[in-house]
Amino acid sequence: MKRVIGLDEPADLTGYRADNPVGTWEQMRADAVGRVAYEAVRLQLLNGQGGLCGFCEIGLHDIDPLKCRVEHFHPKSDTSTAHNWALDWQNMLAVCMGGSQRHQQPPHALEPLPENLSCDAHKDQMIQTQRLAEHCEGWIIDPLDLPAFPSLFFLEKSTGRLLPDEQACAGIAFPGNKHRGTQELVQHTIDMLNLNCARLCEARLRILWNIERNKKQLREQRVPADQALRTLAERYFRQAWPGFFTTIRLCLGAVAEQYLTDTGFQG
């Protein structure tokens, strides 16, 4: 998970909400005018997230664009207050299908069994089967609230699993955190979104092996180690942003952090 920068709300959504203050998400998508607003929302979210899933960082440009969807961080079905969460721009993220599509192409596909689901597909299942609190605020991290620096994650290179970075977590606090600390919040986010399912771990390992092959090639060319890592940072981050951004960032370590600082990375 990387930080997401929220772009300005699409004018089509603003207009639709003004005309339909109590409209539902389903009504908007079924309405001809609302459908225009929906497509504007999807495009603006994809642009703001650099084409990445807001949770697992799969490149949404790598899959069928129609297979990405809009996730409401706070349930859009919540009608306990007068606030319309369904049409709240600040409540929306672009996400992948979470491995729920049997026909999804490799390298991001495995049989859509519960243990292979991720992102909101897994989160929603956890809420339903374990009767967990329906509201995510304070229980998992909203990518809009994630800091650009430091990364709060650690990559276990033998397995491709993401873990909380204990040292980084110690220096960051999240207002409204319902856990005992940031490290526990990060771990619960990983668990609730199933970011360590086999499907995603295998994808991270492929990124890791690709980086190691490139490191070896540069070593064989007698490129100094620091220069080689800087070259790889420039190569991988040339696209803003590559799929599995955090995996690349963690594999390249301090050189990636310096490169991102130099280029003004904010999310």
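S.K.: Before we go on, may I ask you to explain the packing of helix α7 (residues 198-220) against helix α9 (residues 245-262) in this structure?
M.R.: Angle between the axes and distance between the axes are the two parameters that describe a pair of packed helices. Relative to each other, α7 and α9 sit at 40°, their axes nearing to 10 Å. When the interaxial angle is binned, α7 and α9 end up oblique. For the crossing formed where α7 meets α9, the hand is right-handed. Note on element contacts: α9 touches α7 through Thr-247, Ile-248, Cys-251 and Leu-252, opposite Arg-204, Ile-207, Leu-208, Ile-211 and Lys-215. Here the residues of the contact of α7 with α9 are counted per class, giving six nonpolar, one polar and two charged.

S.K.: Which parts of the structure should I look at to understand the nonpolar core?
M.R.: In globular proteins that are soluble, nonpolar side chains generally tend to be buried together. Core analysis: the biggest nonpolar cluster contains 70 residues, and Trp-25, Phe-55 and Phe-237 have the highest contact counts within it. Per element, the largest residue contribution to this core is eight residues, and it comes from α9.

S.K.: What exactly am I supposed to notice about α7 here?
M.R.: Since there are 3.6 residues in each turn of an α-helix, residues three or four apart along the chain are aligned in direction. Here α7 spans 33 Å end to end across 23 residues, near enough to the 33 Å set by a 1.5 Å rise per residue. Inspection of α7 places Arg-199, Leu-200, Cys-201, Ala-203, Arg-204, Leu-205, Leu-208, Ile-211, Asn-214, Lys-215 and Leu-218 among the buried residues, and these make up the whole buried set. Summarising the contacts, the buried residues of α7 are in contact with β3 (153-156), β4 (161-164), α8 (225-236) and α9. Downstream of α7 by a residue or two, Arg-222 has a phi angle that is positive, lying close to 60°.

S.K.: What exactly am I supposed to notice about unusual backbone geometry here?
M.R.: Only a minority of non-glycine residues have a phi that is not negative, and only a minority of peptide bonds are not trans. With an omega of -10°, the peptide bond running from Phe-149 to Pro-150 counts as cis. One can find Pro-150 in the loop between α4 (119-130) and β3. Look at Asn-194: it is not a glycine, yet its phi comes out positive at around 55°. Among the structural elements, Asn-194 can be located in the loop between α6 (182-193) and α7. A positive phi angle, near 60°, is found at Arg-222, a position not held by glycine. Relative to the helices and strands, Arg-222 resides in the loop between α7 and α8. Residue classification places Arg-222 among the exposed residues on the basis of a relative accessible area of 75%.

S.K.: Just checking my understanding: could you explain the pairing of β3 for this structure?
M.R.: The two faces of the sheet receive side chains in turn, since in a regular strand these alternate between them. The alternating pattern of β3 places Phe-153 and Leu-155 on a buried face and Phe-154 and Glu-156 on a face that is not buried. Here four bridges tie β3 to β4, and the two strands are oriented antiparallel to one another. Bridge pairing in β4 links Glu-156 to Arg-161. The hairpin turn running from β3 into β4, its antiparallel successor, is four residues long, and Gly-160 in that turn takes a positive phi close to 85°.

S.K.: Whenever I open this one, α8 confuses me. Can you help?
M.R.: Between its first and last C-alpha, α8 extends 16 Å over twelve residues, near the 16 Å set by a 1.5 Å rise per residue. Restricting attention to buried positions, one finds in α8 the residues Ala-228, Leu-229, Leu-232, Ala-233 and Tyr-236. Taken end-on, α8 shows its buried residues confined to a sector of 140°, consistent with a single buried face. Residues of α8 that are buried sit in contact with α7 and α9.

Scoring rules and cut-offs
Residues numbered from 1 in each chain as written. Predicted model: local features only at pLDDT ≥ 70, side-chain atom pairs only at ≥ 80, totals over all residues. Heavy atoms only, no water. Axes fitted to C-alpha atoms, helices over the stretch in contact; angles between N-to-C directions. Helix = DSSP H or I, 4+ residues; strand = E, 2+ residues; numbered from the N terminus. Parallel < 35°, antiparallel > 145°, perpendicular 65-115°, else oblique. Left-handed = near helix turned anticlockwise from the far one by under 90°. Contact = heavy atoms within 4.5 Å. Nonpolar A, V, L, I, M, F, W, Y, C, P; charged D, E, K, R; others polar. Core = buried A, V, L, I, M, F, W, Y, C linked by side-chain atoms within 4.5 Å. Buried < 20%, exposed > 50% of the residue type's maximum accessible area, 1.4 Å probe, protein only. Expected span 1.5 Å × (residues − 1). Pairing = 2+ DSSP bridges. Arc of directions from axis to C-beta.

Fair warning: the whole summary comes from geometry, so function is off the table for now.
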